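Structural overview
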Amino acid sequence: MRLSRIFMALTVGLAVAAVPTAAGAAQPQPPVYAPTPASLTVTPTTIRLGETFTLRGEGFAAGTVTINVTITGNPNAAPAGSVRRSDGSAVAMTAVAYQQPQSAPTTFTVTANDDGEFTTTYRPTRTGRHVFTAVQGTEEDSATGIVLPARPDRPGRPGGNLPVTGDSIGMPLKLGGGLAGAGAVLVLLSLAGRRRGRFGIGSR
């Protein structure tokens, strides 16, 4: 009788000890999320010289992010060739690079917020393929933007009106027109004088 009581007490004790363990095992565990990889985007992907890229990053840690810019492609230049003067002679033209404003930086830093995001702008100063690489520790991502020459209808900008080389034909045309007009007047006066002499007008 005493032995059965001992077994019963042990059974009840083990049951009571197992209740907290079972309750803890039944509680839902918080989900484990994979960290968002760092990413960089450039919009728009193609612009004209003088316009601006917008760079957006996410998935970084809060703090400083370094942006490196790699540019490929030659600066916009006036095409080589030749032009013909008003007298028929030809003048050779050589390729001339347009004067560019102060070069845009090829390395700069931005600050990511507490969510690991940042937004900044970049205004290129030359044409070509621009590869932007955002680096923060072991995190890194790249995005590409293309810069085309400025529109030709915008004088004073790179890619606008070409430089003028050679003689202008405006002045010779104006001078020739004036001489032709003066000659016509002289011919008319000469004909009028002959007619007056023929009919005895003005003679005694």
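This text gives an overview of the structure that appears in the document. (Residues numbered from 1 in each chain as written. Predicted model: local features only at pLDDT ≥ 70, side-chain atom pairs only at ≥ 80, totals over all residues. Heavy atoms only, no water.)

Turning to a negative patch on the surface, a few remarks are in order. Taken together, the side chains of Glu58, Asp114, Asp115 and Glu117 present a region of like negative charge at the surface. Its location among the elements puts glutamate 117 in the loop between β9 (107-112) and β10 (118-122). (Patch = residues over 30% accessible without salt bridge, like charges linked within 9 Å, V, L, I, M, F, W, Y side chains within 5 Å. Areas by Shrake-Rupley, 256 points an atom, 1.4 Å probe, with all protein chains shown as cover. Salt bridge = Lys/Arg side-chain N within 4 Å of Asp/Glu carboxyl O. Lys, Arg positive; Asp, Glu negative; His and termini not counted. Charge placed at Lys NZ, Arg CZ, Asp CG, Glu CD. Helix = DSSP H or I, 4+ residues; strand = E, 2+ residues; numbered from the N terminus.)

Glancing now at the pairing of strand β11 (residues 128-136). Here β11 lies mainly inside the structure; seven of its nine residues are buried. Pairing of strand β4 (residues 63-72) with β11, which is carried by seven bridges, proceeds in the antiparallel orientation. Bridge assignment links valine 69 to a residue of β11, and that residue is phenylalanine 132. Direction of pairing for β11 relative to strand β12 (residues 139-148): antiparallel, over a ladder of nine bridges. Looking at the pairing, glutamine 136 lines up with glutamate 139 of β12. (Buried < 20%, exposed > 50% of the residue type's maximum accessible area, 1.4 Å probe, protein only. Pairing = 2+ DSSP bridges.)

With that settled, the discussion passes to the nonpolar core. Counting residues in hydrophobic clusters, the biggest one holds 22 residues, and the most contacted among them are Phe53, Leu55, Val65, Ile67, Phe118, Tyr122 and Phe132. Listing elements by their share of this core, those giving two or more residues are β1 (39-43), β3 (53-58), β4, β9, β10, β11 and β12. (Core = buried A, V, L, I, M, F, W, Y, C linked by side-chain atoms within 4.5 Å.)

For the rest of this paragraph, the subject is the sheet that holds β3. Spatial ordering of the open sheet is given by β1-β3-β10, a layout of three strands whose pairing is antiparallel. Lying at the two open borders of the sheet, with one neighbouring strand each, are β1 and β10. Strand-to-strand, the axes of this sheet are offset by a mean angle of 20°, without reference to chain direction. Sheet topology note: the β3/β10 ladder contains five bridges and is antiparallel. Each residue of the ladder has a partner; that of threonine 54, found in β10, is threonine 121. (Axes fitted to C-alpha atoms, helices over the stretch in contact; angles between N-to-C directions.)

With that settled, the discussion passes to the sheet that holds β12. Spatially, β2-β12-β11-β4-β9 is the arrangement adopted by the five strands of the open sheet, whose pairing is mixed. Only two strands of the sheet have a single partner each, and these edge strands are β2 (46-48) and β9. Geometrically, the sheet is characterised by an average inter-axis angle of 30° between neighbouring strands, direction not taken into account. Across three bridges, β2 lies against β12 in parallel orientation. Bridge pairing in β12 links threonine 46 to isoleucine 146.

Right, let's talk about the packing of aromatic side chains for a bit. Across all of its chains, the model carries four aromatic pairs by this definition. Measuring from ring centre to ring centre gives 5.7 Å for phenylalanine 60 and phenylalanine 118, while their planes differ by 50°; the resulting arrangement is tilted. Note that phenylalanine 60 is positioned in the loop between β3 and β4 and phenylalanine 118 in strand β10, a separation of 58 residues in sequence. Classification of phenylalanine 118 by relative accessible area gives buried; the value is 5%. Three or more aromatic residues link up through ring pairs in this structure, and these residues are Phe53, Phe108, Tyr122 and Phe132. (Phe/Tyr/Trp six-rings, centres within 6.5 Å; stacked < 30°, edge-to-face > 60°.)

Time to look at unusual backbone geometry. The omega torsion of the bond from threonine 43 to proline 44 falls at -15°, within 30 degrees of zero and hence cis. Within the secondary structure, proline 44 is located in the loop between β1 and β2.

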